[in-house]
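Remarks on the overall topology
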Amino acid sequence: MSQNKKKKTINWFGALFLTLSPVVAVVFSVIHIYLDGFMWPIWLLAVAMYALTAGSITGGYHRYFSHRAYECRPWLKWFWALFGAASFQNSILVWARDHRVHHRFVDSDNDPYSINKGFWYAHFGWMMVNEEKSAQLAAPYGRDLERDPVVMFQDRHYVLIALMMGLGLPTLVGYFLGSAFGGLAVAGFLRVVAVHHATFLINSWCHMWGKQNYTDTNTAKDSFIMALLTFGEGYHNFHHIFANDYRNGVRWYHWDPTKWLISFFQLIGGAYGLRRTPWSEVIKAQMQMDEKRIKARLSSRWQVQFQNQIDNLRARVEAAYSRFEALKEEYKKSRLDRMDELKRQLRLAKAEFHQALRQWREYHSFLMSLPATA
């Protein structure tokens, strides 16, 4: 067997859990409805558990533990650890290591859930096999996590925590709402399956369908539909180029409840040191993709005719933004007697930047409207 060949064996626990849990969820939920009728409190409990567990995956497992997109207090770490375990997606240590390997080797043979191995393999097939090389490859990517007592406690006691928080808690709350079995069936098993497949779709759907607004160096794509299902994780193209940003939906109007949740925790003192990609880098990435699309559409002969204008517009956008940023820094350090004048200059610089960006986008739209050339 060659050194690069991966030795695979079936992960029986993963395979059985992932195939049987949807069956149990559906059967138990049907029995609950047959015996107890449709109980709104039970379904509201399921929604609450979905929010707590999915949010702990996106805000905790993903953006904090995997990418360190912000810092947080110990109590928030415990919150992420307890409700993250309730999603039954493995411990923080295992989840974050695999995810870091995915980012480091995306789309390659070393990517644990490479889309190049097919939709269903990336979706959940990779969790049904054990790959010797993958385990060895992931080990160094968790060294910092192994020094975190919260992470290691959760890893050692993961199964017990997952059962207590993921099935025991909804059963207990369901009992007080009128149906312990309903809590187990709907807020337990059915909710677990829903969170599973919403999360898995980021690895499958978001590497096949969507828009590449920021980079085409990998298969990751932005999908608003997936953002709706996954608390903002669907802006996956942005995430793969700016992985340490606490936001996936970078614009204020992007549907990204996870960034709002992290901002809320910052407000109450649980999170701090939120990392944001400089807006200049975001704009630069978008403009590079715009230019790539133009070049892909037009022949080299046509490109020569428009390249000078493209370069001039790009330079104008970058210069306008640099001036705006410089004025902001000057304003922070300014004396009181200069503030009014600097405010006026800031407004003008911001307007100039938006005008330059608008001209760039209009010119891009014009070039993209031209007939494609070979």
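1. So, the pattern of salt bridges
Pairs can form between side chains of opposite charge once their charged atoms are near each other. Here the structure, examined in full by the defined rule, presents 16 salt bridges. One salt bridge in this structure joins arginine 68 and aspartate 144, with 3.5 Å as the shortest N-O distance. Pair noted here: arginine 68 is in the loop between α2 (40–66) and β2 (71–72) and aspartate 144 is in the loop between α6 (132–138) and α7 (149–156), with a separation of 76 residues, a long-range link. On the basis of relative accessibility, which here comes to 18%, the residue arginine 68 falls in the buried class. Exposure remark for aspartate 144: the relative accessible area of 25% places this residue in the partly exposed category. The residue arginine 143 makes a salt bridge to glutamate 146 at a minimum N-O spacing of 3.7 Å. For arginine 143, a relative accessible area of 44% puts it in the partly exposed group. The partly exposed category is assigned to glutamate 146, whose relative accessible area is 34%.

2. Some remarks on the environment of methionine 128
When you line up the elements, methionine 128 lands in the loop between α5 (119–123) and β3 (129–131). Residues methionine 128 and serine 365 lie 237 residues apart in sequence; the distance between their C-alpha atoms is 46 Å. Once you skip the residues sitting within four places of it in the chain, methionine 128 turns out to touch Thr9, Ile10, Asn11, Ala15, Leu18 and Thr19.

3. Thoughts on the side chain of serine 87
On the secondary structure map, serine 87 appears in the loop between α3 (74–85) and α4 (92–104). With residues up to four places along the chain from it excluded, the contact list for serine 87 reads Thr53, Ile57, Arg191, Val192, Val195 and His196.

4. Some points on the environment of leucine 228
As for its position among the elements, leucine 228 is in helix α10 (residues 224–229). Once the C-alpha coordinates of leucine 228 and histidine 254 are considered, the two residues, 26 residues apart in sequence, prove to be 10.0 Å apart.

5. Some thoughts on helix α8 (residues 158–177)
The end-to-end C-alpha distance of α8 is 27 Å, a good match for the 28 Å that 20 residues give at a rise of 1.5 Å each. Where α8 bends most, at glycine 168, the angle is about 40 degrees, and the proline proline 170 comes one to four residues later. Every buried residue belonging to α8 is among Tyr158, Ile161, Ala162, Met165, Gly166, Leu167, Pro170 and Gly174, and all of these are buried. On its buried side, α8 packs onto α2, α3, α7 and α9 (180–204). One or two residues past the end of α8 sits glycine 178, with phi positive at roughly 120 degrees.

6. Side note on the packing of α2 against helix α12 (residues 257–267)
In the contact formed by α2 and α12, the axes pass within 9 Å of each other and the chain directions differ by 75 degrees. It follows from the interaxial angle that α2 and α12 lie roughly perpendicular. In this structure, α2 uses Gly55, Thr58, Gly59 and Arg63 to contact α12, whose residues at the interface are Thr258, Lys259, Leu261 and Ile262. A class-by-class count of the residues in the contact of α2 with α12 yields two nonpolar, four polar and two charged.

7. So, the packing of α4 against α7
At their nearest, the axes of α4 and α7 sit 8 Å apart, and the two run at 110 degrees to each other. Classed by the angle they form, the pair α4 and α7 counts as roughly perpendicular. Where α4 approaches α7, its residues Ile92, Leu93 and Val94 are matched on the opposing element by Val151, Met152, Gln154 and Asp155. Of the residues assigned to the contact of α4 with α7, the class counts are five nonpolar, one polar and one charged.

8. A short note on the packing of aromatic side chains
Under the defined criterion, the tally for this structure stands at 33 aromatic pairs. Each ring, one from phenylalanine 79 and one from tryptophan 80, has its centre 5.6 Å from the other, and the planes form 70 degrees; the classification is edge-to-face. You can call tryptophan 80 buried: its relative accessible area is 0%. The interplanar angle of 75 degrees and the centroid separation of 5.2 Å between the aromatic rings of tyrosine 214 and phenylalanine 238 together place this pair among those described as edge-to-face. Taken as a pair, tyrosine 214 in the loop between α9 and α10 and phenylalanine 238 in helix α11 (residues 236–241) lie far apart in primary sequence, 24 residues in all. Residue class for tyrosine 214 comes out buried when judged on its relative accessible area of 6%. Through a chain of ring-to-ring contacts, the aromatic side chains of Trp75, Phe79, Trp80, Phe83, Phe264 and Phe265 assemble into a single cluster. Taking the ring centre of tyrosine 64 as reference, the NZ or CZ of arginine 68 above it sits at 4.7 Å.

9. Structural notes on helix α13 (residues 279–297)
With 19 residues, α13 extends 27 Å between its outermost C-alpha atoms, agreeing within 8% with the 27 Å of an ideal straight helix rising 1.5 Å per residue. When we look at burial in α13, the residues that qualify are Val282, Ile283, Ala285, Gln286, Met287, Met289, Asp290, Glu291 and Ile294.

10. Observations regarding the layout of surface pockets
Put simply, the largest pocket is a space of about 1,100 Å³. Lining the largest pocket we find 44 residues, and of these Gln89, Asn90, Val94, Trp126 and Met127 sit closest to its centre. At the level of elements, α1 (12–36), α2, α4, β3, α6, α8 and α9 are the ones that each hand at least two residues to the lining of the largest pocket. With seven residues, the single largest contributor to the lining of the largest pocket is α9. Of the residues in the lining of the largest pocket, the class split is 26 nonpolar, 14 polar and four charged.

11. Remarks on the side chain of histidine 196
If you trace the backbone, histidine 196 turns up in helix α9. With a relative accessible area of 2%, histidine 196 lands in the buried category. A distance of 2.8 Å separates a polar side-chain atom of histidine 196 from the backbone oxygen of phenylalanine 88. Once residues lying within four places of it in the same chain are set aside, the contact partners of histidine 196 are Phe17, Leu18, Ser87, Phe88 and Gln89.

Reading the values: the criteria
- Residues numbered from 1 in each chain as written.
- Predicted model: local features only at pLDDT ≥ 70, side-chain atom pairs only at ≥ 80, totals over all residues.
- Heavy atoms only, no water.
- Salt bridge = Lys/Arg side-chain N within 4 Å of Asp/Glu carboxyl O.
- Helix = DSSP H or I, 4+ residues; strand = E, 2+ residues; numbered from the N terminus.
- Buried < 20%, exposed > 50% of the residue type's maximum accessible area, 1.4 Å probe, protein only.
- Contact = heavy atoms within 4.5 Å.
- Expected span 1.5 Å × (residues − 1).
- Bend = angle between axes of the 7 residues up to and from the residue.
- Axes fitted to C-alpha atoms, helices over the stretch in contact; angles between N-to-C directions.
- Parallel < 35°, antiparallel > 145°, perpendicular 65-115°, else oblique.
- Nonpolar A, V, L, I, M, F, W, Y, C, P; charged D, E, K, R; others polar.
- Phe/Tyr/Trp six-rings, centres within 6.5 Å; stacked < 30°, edge-to-face > 60°.
- Lys NZ or Arg CZ within 6 Å of the ring centre and 35° of its normal.
- 1 Å grid on protein atoms, 1.4 Å probe; cavity = no way out; pocket = protein on both sides within 12 Å on 5 of 7 lines; lining within 4 Å.
- Points joined across faces, edges and corners; volume = space filled by probe spheres on them.
- Polar contact = N/O pair within 3.5 Å; in protein donor to acceptor, adjacent residues only side chain to side chain.

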